Amino acid sequence: MRFDIITLFPEMFAPFLESGVTRRAYGSGQVAVHLWNPRDYAEGNYRRVDDRPFGGGPGMVMMAQPLQHCLDAIRAARAAGGEVQPAPVLLFSPIGTTLKHDVVAQWAGSQGAVLLCGRYEGIDQRFIDKHVTHQLSLGDFVLSGGELAAMVLLDAITRLQPGVLNDEGSFQQDSFNPALDGMLDCPHYTRPEVWQGQAVPAALLSGHHGNIERWRRDQRLRITAQHRPELVEQARAQGLLNAKDEGFLAKNAAKL
């Protein structure tokens, strides 16, 4: 799996690629990440990559030509590595599809992409129209650039790759995962058993696996109903709630 990142600030990625549990995947090349600065492909002594917008207005716009040269170099490098079909080009944009677990899972099963990190007021629309195949958004807010969004996507994708996490089943217990029927995860506890007068729930200390799993399921239902009730309705519509689930929700409806 290969990701080529077009960014004016490649130095932002160094600590990200060298830290945390996912660094093994980047270091081994299981998830290959290549950084490309369009300034290296700009013309003139000043290596200019942006200019004022036609029609006036604040800020600057990233120019199409340096991005074109940069993308050409990426495609040549990928072709030299044996790629037959051009990789998709993904732009992080407010109009993009909101990044959720199912979207991450789709990209996690892909061969990778070119990630385009915008800056300033945006990118010349002509380059977007010609080359961008997908657009993603982290939510209804604006960042200074696409670099943080690219890191979020890479981290979410990489931790789903086989062997990346110490416990390969860890991600299946994450919130929104199909293994949890798309609901939020339950609370977690560790030593000591009593901390500042608060004890670990008795079910978790019982050693009875059936009781433990029922407690965790009930807590997932409770938390999801309180904070993301639409996810409970989604699970119900898909026939994923059993009689015990419905009984717990009915019994605790006043508290949820």
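Residues numbered from 1 in each chain as written. Predicted model: local features only at pLDDT ≥ 70, side-chain atom pairs only at ≥ 80, totals over all residues. Heavy atoms only, no water.

Participant: Before we move on, can you summarise helix H3 (residues 64-80) with the specific residues and values?
Facilitator: Given 3.6 residues per turn, any residue in an α-helix points the same way as the ones three and four places further on. Between its first and last C-alpha atoms H3 spans 24 Å; for 17 residues at 1.5 Å apiece the expected length is 24 Å, and the two agree. Of the residues making up H3, those classed as buried are Pro66, Leu67, Gln68, Cys70, Leu71, Ile74 and Arg78. Those residues of H3 that are buried lie in contact with strand E1 (2-6), strand E2 (32-36), strand E4 (61-62), strand E5 (89-98), strand E6 (112-116) and helix H5 (125-131). (Helix = DSSP H or I, 4+ residues; strand = E, 2+ residues; numbered from the N terminus. Expected span 1.5 Å × (residues − 1). Buried < 20%, exposed > 50% of the residue type's maximum accessible area, 1.4 Å probe, protein only. Contact = heavy atoms within 4.5 Å.)

Participant: Tell me about the packing of helix H8 (residues 209-227) against helix H10 (residues 243-251), and name the residues and values.
Facilitator: Remark: H8 packs on H10, axes separated minimally by 10 Å, with the N-to-C direction vectors making an angle of 50°. Classified by the angle between their axes, H8 and H10 sit oblique to one another. Handedness of the crossing formed by H8 with H10: right-handed. Each of Arg214, Arg217, Asp218, Leu221, Arg222 and Ala225 in H8 lies in contact with H10, whose residues at this interface are Lys244, Asp245, Phe248 and Leu249. Tallied by class, the residues present in the contact of H8 with H10 amount to four nonpolar, no polar and six charged. (Axes fitted to C-alpha atoms, helices over the stretch in contact; angles between N-to-C directions. Parallel < 35°, antiparallel > 145°, perpendicular 65-115°, else oblique. Left-handed = near helix turned anticlockwise from the far one by under 90°. Nonpolar A, V, L, I, M, F, W, Y, C, P; charged D, E, K, R; others polar.)

Participant: Residue-level account of the sheet that holds E6, with values.
Facilitator: Judged by pairing direction, the sheet is parallel, and its five strands sit side by side in the order E2-E1-E6-E5-E7 without closing on themselves. Each edge of the open sheet is held by one strand with a lone partner, namely E2 and strand E7 (134-137). The mean inter-strand angle of the sheet, taken between neighbouring strand axes irrespective of direction, is 35°. Where E1 meets E6, five bridges bridge the pair, whose relative direction is parallel. Across the sheet, Ile6 pairs through a bridge with Leu116, a residue of E6. (Pairing = 2+ DSSP bridges.)

Participant: Can you tell me about the packing of H8 against helix H9 (residues 229-237), naming the residues and giving the values?
Facilitator: Following both chains from N to C, one finds H8 and H9 inclined at 120°, their axes separated by 5 Å at the closest point. With respect to H9, the element H8 is oriented oblique. Judged by residue contacts, Leu221, Thr224, Ala225 and His227 of H8 engage Pro229, Leu231 and Val232 from H9. Considering only residue class, the contact of H8 with H9 consists of five nonpolar, two polar and no charged.

Participant: Would you mind going over the pattern of salt bridges in detail, with residue names and values included?
Facilitator: Under the counting rule described, the total for this entry stands at 16 salt bridges. A salt bridge links Arg78 to Asp4, with the nearest nitrogen and oxygen atoms 2.5 Å apart. Here Arg78, found in helix H3, pairs with Asp4, found in strand E1; they are 74 residues apart in sequence, far enough to count as distant. The pair Arg78 / Asp4 is uniform in exposure class, with both members buried. Where Asp185 meets Arg220, a salt bridge forms, and the shortest distance between an N and an O atom there is 3.4 Å. Taken together, the positions of Asp185 in the loop between helix H6 (147-158) and strand E8 (194-195) and Arg220 in helix H8 put the pair 35 residues apart, joining distant regions of the chain. (Salt bridge = Lys/Arg side-chain N within 4 Å of Asp/Glu carboxyl O.)

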